[in-house]
Amino acid sequence: MLFMSPSLPIKEFLPRLLLHCLDIRAIWSLGHGAGEDEVAPACQLLAFADLATLQRLRKCDSLHGLGIDLFVVLDGDLFENAWGRRVSGSLGRWAWREVTPQLAYYDESRWAARSDEGNVVRVRKRALLVWRSVEAEAIA
């Protein structure tokens, strides 16, 4: 089930992704600021799945290099990227909070603009649900 009108790259990418990994429970589009309903130009997706799915995705060369970064949540909190330079994180550290079935908020850390001291600031971002499995939808 698609909950937002994705840009062309995501519209083409999702069926290819799901063809390889039917165990994905939900996919969220990351990086939206206030008032942004469209997919961010540097497309980042967050998929809720498991370690076996992540390992399968890392072997799917046909999905790599399409301009889409994919992070896989392994246990409801910890996540890793599916390809590229290894990146990992925690939804808890991001202060991830689903406020509706289609909308979540999280914090992104960045270097402060106009700062000579190297300060880091936290910016609140939105995530939009782009797909959810029928099984996950029944549980939600």
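Residues numbered from 1 in each chain as written. Predicted model: local features only at pLDDT ≥ 70, side-chain atom pairs only at ≥ 80, totals over all residues. Heavy atoms only, no water.

Colleague: Residues and numbers for the sheet that holds strand 7 (residues 103–111), please.
Modeller: Taking strand neighbours across the sheet as the criterion, the eight strands line up as 5-4-3-2-1-8-7-6 in an open arrangement whose pairing is mixed. Strand pairing shows two members of the sheet lacking a second neighbour, strand 5 (88–90) and strand 6 (97–100), which therefore form its edges. Averaged over all pairs of adjacent strands, the angle between their axes in this sheet comes to 30 degrees, without regard to strand direction. Looking at chain direction, strand 1 (residues 26–32) and strand 8 (residues 120–132) are connected through five bridges and run antiparallel. Each residue of the ladder has a partner; that of Ala26, found in strand 8, is Arg132. This element, helix 2 (residues 51–59), spans strand 3 (68–73) and strand 4 (78–81) of the sheet and lies at about 5 degrees to strand 4. (Pairing = 2+ DSSP bridges. Helix = DSSP H or I, 4+ residues; strand = E, 2+ residues; numbered from the N terminus. Axes fitted to C-alpha atoms, helices over the stretch in contact; angles between N-to-C directions. Contact = heavy atoms within 4.5 Å.)

Colleague: Mind laying out the pairing of strand 1, listing which residues take part and the relevant values?
Modeller: Two faces, one strand: in a regular strand the side chains alternate between the faces of the sheet. Burial within strand 1 is extensive, with seven of its seven residues counted as buried. Strand direction decides the pairing type here: strand 1 and strand 2 (residues 43–48), joined by five bridges, are antiparallel. Among the inter-strand pairings, Ala26 is bridged to a residue of strand 2, identified as Phe48. (Buried < 20%, exposed > 50% of the residue type's maximum accessible area, 1.4 Å probe, protein only.)

Colleague: Describe the packing of aromatic side chains, listing the residues and the values that go with them.
Modeller: By the definition in use, this model includes seven aromatic pairs. Ring plane angle 85 degrees and centroid distance 5.5 Å describe the contact between Trp28 and Trp96, whose orientation is recorded as edge-to-face. Taken together, the residues span a long stretch of sequence, with Trp28 in strand 1 and Trp96 in the loop between helix 3 (91–94) and strand 6 at a distance of 68 residues. Just as Trp28 is buried, Trp96 falls in that class too. Connected via pairs of aromatic rings, a cluster forms that spans Trp28, Phe48, Phe71, Phe79, Trp94, Trp96 and Tyr106. (Phe/Tyr/Trp six-rings, centres within 6.5 Å; stacked < 30°, edge-to-face > 60°.)

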